[in-house]
Amino acid sequence: MKFSVPIFDVKNLSFIVKEQTILSNISFEIFSAEYIAIIGPNGGGKTTLIRMLLGLEKPTSGEIRIYGKKLSDFKEWHKIGYVSQRASHVDNSFPATVLDIVSMGRTSQRKLFSPLSQDDKELVRDAMQKMDIEDLAHKMIGTLSGGQRQRVMIARALASKPEILILDEPNTGVDIASQKKFYTLLSKLNKEDGITIVFITHDIGVIVDDIARLFTINQKAIICNNPKQTLSCEEMSSLYGIDAHLLHNHKHEH
Amino acid sequence: MFEMFEYDFMQRAFIAGIIIAILASISGTFIVLKRYSLIGETLAHSALLGVAIGLVAEYNPLWMAVIFALFSAWLIEYLRSAFSIYSDAILAILLSGSLALAIIIVSLGGAFNNSLFSYLFGSILSVSSEDIIVISIFGVISLVTLLLFSKEFYFIAYDEEVAKTSGIKVNLLNFLLVSVVAVIIALSIRVVGSLLISALMIIPTISALQFRVGFLKTVIFSLIIALFSVMAGMTISFYFSLPSGATIVMCVLFIFIISLITNRR
Ligand SMILES: Nc1ncnc2c1ncn2[C@@H]1O[C@H](COP(=O)(O)OP(=O)(O)O)[C@@H](O)[C@H]1O
Ligand SMILES: [Mg+2]
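Peer 1: Help me understand the overall build of chain B, please; the structure alone is not making it clear to me.
Peer 2: When helices and strands are counted, chain B shows twelve helices and zero strands. Overall, chain B shows an N-to-C arrangement of helices and strands of α-α-α-α-α-α-α-α-α-α-α-α. For 265 residues, the compact-globule estimate of 2.2 N^0.38 gives 18 Å, and chain B sits close to it at 18 Å. With respect to the three principal axes, the spread of C-alpha positions in chain B is 50 × 45 × 30 Å. A buried classification covers 56% of the 265 residues belonging to chain B. Of the side chains in chain B, 12 bear a positive and 13 a negative charge, and the two mean positions are spaced by 13 Å.

Peer 1: Just to check I follow, could you spell out the pairing of strand E7 (residues 164-168) of chain A for this structure?
Peer 2: Looking down a regular strand, the side chains alternate between one sheet face and the other. All names here are of chain A. Counted residue by residue, E7 has five buried out of five residues, so it is predominantly covered. Taking every second residue as pointing to the same face, both faces of E7 are buried, with Ile164, Ile166 and Asp168 on one and Leu165 and Leu167 on the other. Two strands pair when backbone bridges link them, and strand E6 (residues 80-83) and E7 are joined in this way by four bridges, in the parallel orientation. Bridge assignment links isoleucine 80 to a residue of E7, and that residue is isoleucine 164. The sheet contact formed by E7 and strand E8 (residues 196-200) spans five bridges and is parallel. Bridging across to E8, isoleucine 166 finds its partner in valine 198.

Peer 1: What exactly am I supposed to notice about the coordination of the magnesium ion (ligand 2) here?
Peer 2: Ideal donor angles around a metal are set by the shape: a four-donor tetrahedron calls for 109.5 degrees, a six-donor octahedron for 90 or 180 degrees. Looking at the magnesium ion (ligand 2), the protein donor atoms are Thr47 of chain A (OG1) and Gln85 of chain A (OE1), and they sit 2.0 to 2.5 Å from it. One end of the pair, threonine 47 of chain A, is in helix H1 (residues 46-53); the other, glutamine 85 of chain A, is in the loop between E6 and helix H2 (98-107), and 38 residues separate them in sequence.

Peer 1: Please clarify how the packing of aromatic side chains should be interpreted in this entry.
Peer 2: Any aromatic ring pair is given by two values, namely how distant the centres are and how the planes are angled relative to each other. Throughout the structure, instances matching the rule amount to 21 aromatic pairs over all chains. For the pair tyrosine 183 of chain A and phenylalanine 199 of chain A, a centre-to-centre distance of 5.8 Å together with 45° between the ring planes defines the contact as tilted. Separated by 16 residues along the polypeptide, tyrosine 183 of chain A in helix H5 (residues 176-193) and phenylalanine 199 of chain A in strand E8 bring together distant segments of the chain. In this structure, tyrosine 183 of chain A and phenylalanine 199 of chain A share a single accessibility class: buried. Ring pairs connect the aromatic residues Phe94 of chain A together with Phe30, Phe149, Phe153, Tyr154, Tyr158 and Phe215 of chain B, which therefore count as one cluster. Lying over the aromatic face of tyrosine 67 of chain A, lysine 79 of chain A brings its terminal NZ or CZ to 4.8 Å of the ring centre.

Peer 1: Before we go on, may I ask you to explain the interface of chain B and chain A in this structure?
Peer 2: Many structure descriptions define interface size as the accessible area lost when the parts assemble. The partner chain A presents 30 residues to the 24 residues of chain B that form the contact. Each partner contributes to the roughly 2,400 Å² buried at the junction of chain B and chain A, and carbon and sulfur atoms together form 63% of this total. Of all residues in chain B, the largest losses of buried area upon contact with chain A belong to Tyr158, Glu161 and Thr165 of chain B, amounting jointly to 29% of the total for that side. Where chain B meets chain A, there are two salt bridges. A salt bridge links aspartate 91 of chain A to arginine 35 of chain B; the nearest nitrogen and oxygen atoms lie 2.2 Å apart. Between the two partners, chain B and chain A, sit six residue pairs in polar contact (both at pLDDT 80 or more). Every element with two or more residues in the side of chain B that touches chain A is listed here: helix H7 (150-158), helix H8 (160-165) and helix H11 (215-240) of chain B. Ranked by residue count, the leading element in the side of chain B that touches chain A is H7 of chain B, at six residues.

The rules behind the values
- Residues numbered from 1 in each chain as written.
- Chains lettered and ligands numbered in written order.
- Predicted model: local features only at pLDDT ≥ 70, side-chain atom pairs only at ≥ 80, totals over all residues.
- Heavy atoms only, no water.
- Helix = DSSP H or I, 4+ residues; strand = E, 2+ residues; numbered from the N terminus.
- Rg over C-alpha atoms; globule rule 2.2 N^0.38 Å.
- Buried < 20%, exposed > 50% of the residue type's maximum accessible area, 1.4 Å probe, protein only.
- Lys, Arg positive; Asp, Glu negative; His and termini not counted.
- Charge placed at Lys NZ, Arg CZ, Asp CG, Glu CD.
- Pairing = 2+ DSSP bridges.
- Donors = N, O, S within 2.8 Å, 3.2 Å for Na, K, Ca; no water.
- Phe/Tyr/Trp six-rings, centres within 6.5 Å; stacked < 30°, edge-to-face > 60°.
- Lys NZ or Arg CZ within 6 Å of the ring centre and 35° of its normal.
- Contact = heavy atoms within 4.5 Å.
- Buried area = accessible area lost by both parts, 1.4 Å probe.
- Salt bridge = Lys/Arg side-chain N within 4 Å of Asp/Glu carboxyl O.
- Polar contact = N/O pair within 3.5 Å; in protein donor to acceptor, adjacent residues only side chain to side chain.

Take a look at the structure:
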């Protein structure tokens, strides 16, 4: 794994606005097929970090490479699926069926001047099947529950056949039962389809068994390579204001 | 009922009106969904400035309207990217600036007359054969652009940032959309008038949204509502000798109220 080109290669990344340091000197690599959770307190800079990875925010200093390329030279954005923090908060009156939204996942790759091809439609159907929302295809997005919306947003991202999925707090406002189901789906995408998964979350206790690495972001980053066994991870997390006994309790249950 | 079509000017007005209804409603859908409704109002006033210059300098006012609306649209997009937080203020400044300048120009040029009045509120009497040609040419170009990029415009209206991260050239397409809207507004001021055109862009879509249906149906509903309003409005305008823009807007408002009532929950 270490010999391949990382999907993301981040070096000494800093983000400073109005003399306030939001992120400071962050470095990490993300490799293909990894399953990574990012935790950290509110306002710690998690969303900002993700936005910089996607080119939505310009770092003050440091370098980001995607598949070995500079961000400005990278063109294959369809390889990266992104579900933003406010994705599920769609305006209820926005005129979109579930199918309309999932089809957006094909928009950037369709040939100019042509409608969605048969292949495109098939990929849209596959994505809906994976997220178990086929029955909802013709429902209006505004009528769905939080958990259903969340799966629609991920299906939209999946429709572009991404190699990596980046999810920013996908589970806020979703009930516990749906969350469990959701993590099962995520883990399946990672294991069966080999999709690299990076997600920001608050409920680390629920998913700690599956994740390969844990990033704690609070201005600085702490990368924890084996969150299940390394006790120091827990200590480091608490240093940075993370609710570490979630991790702790979880370990004792097993 | 159809005796009005015995008049050539009425035939021309109907052709222009139908083209405008199609363009205004389709482009209006994207503008409304982007929460950019106010831009129509501003561009209409910039188009009026073009008309004023055209009237005084004796150039074709329609051409001048197209040029000024386009220039204004580009200026808005440039200023928006340069001073992103003040985007609504930019619209207001350009609106009043254009209007003030237009009034000064027509006052100095002595063109404050019926002709200007017809550009403010629309007139079925004023559509010339040359206008029909200009409206058709630009109309086809605008419609083709809207249809070619409708999926992209829809995605951008839904979530600009996610569209950007999926590889869609958002800035370029935003630029293209406002350009098309500028052209459509300029073309519309003959029949609908610059003070009322933005209503024809916005209200059909807002009415269609009340039905809570998917994207394609929303566009089709809004198209039907705009077509009906324009045709009914022009007919009323003919029989009661009223400015067509005003009668068209009253018709579209009437449909809006009906769609509100029938979809009440
Ligand atoms: N472009 C920006 N301008 C000003 N402040 C910003 C900007 N981007 C992020 N911030 C600030 O950075 C901090 C981190 O925000 P965020 O990345 O959303 O944290 P998290 O996602 O971890 O809750 C917040 O205080 C936010 O206000
Ligand atoms: Mg956040």
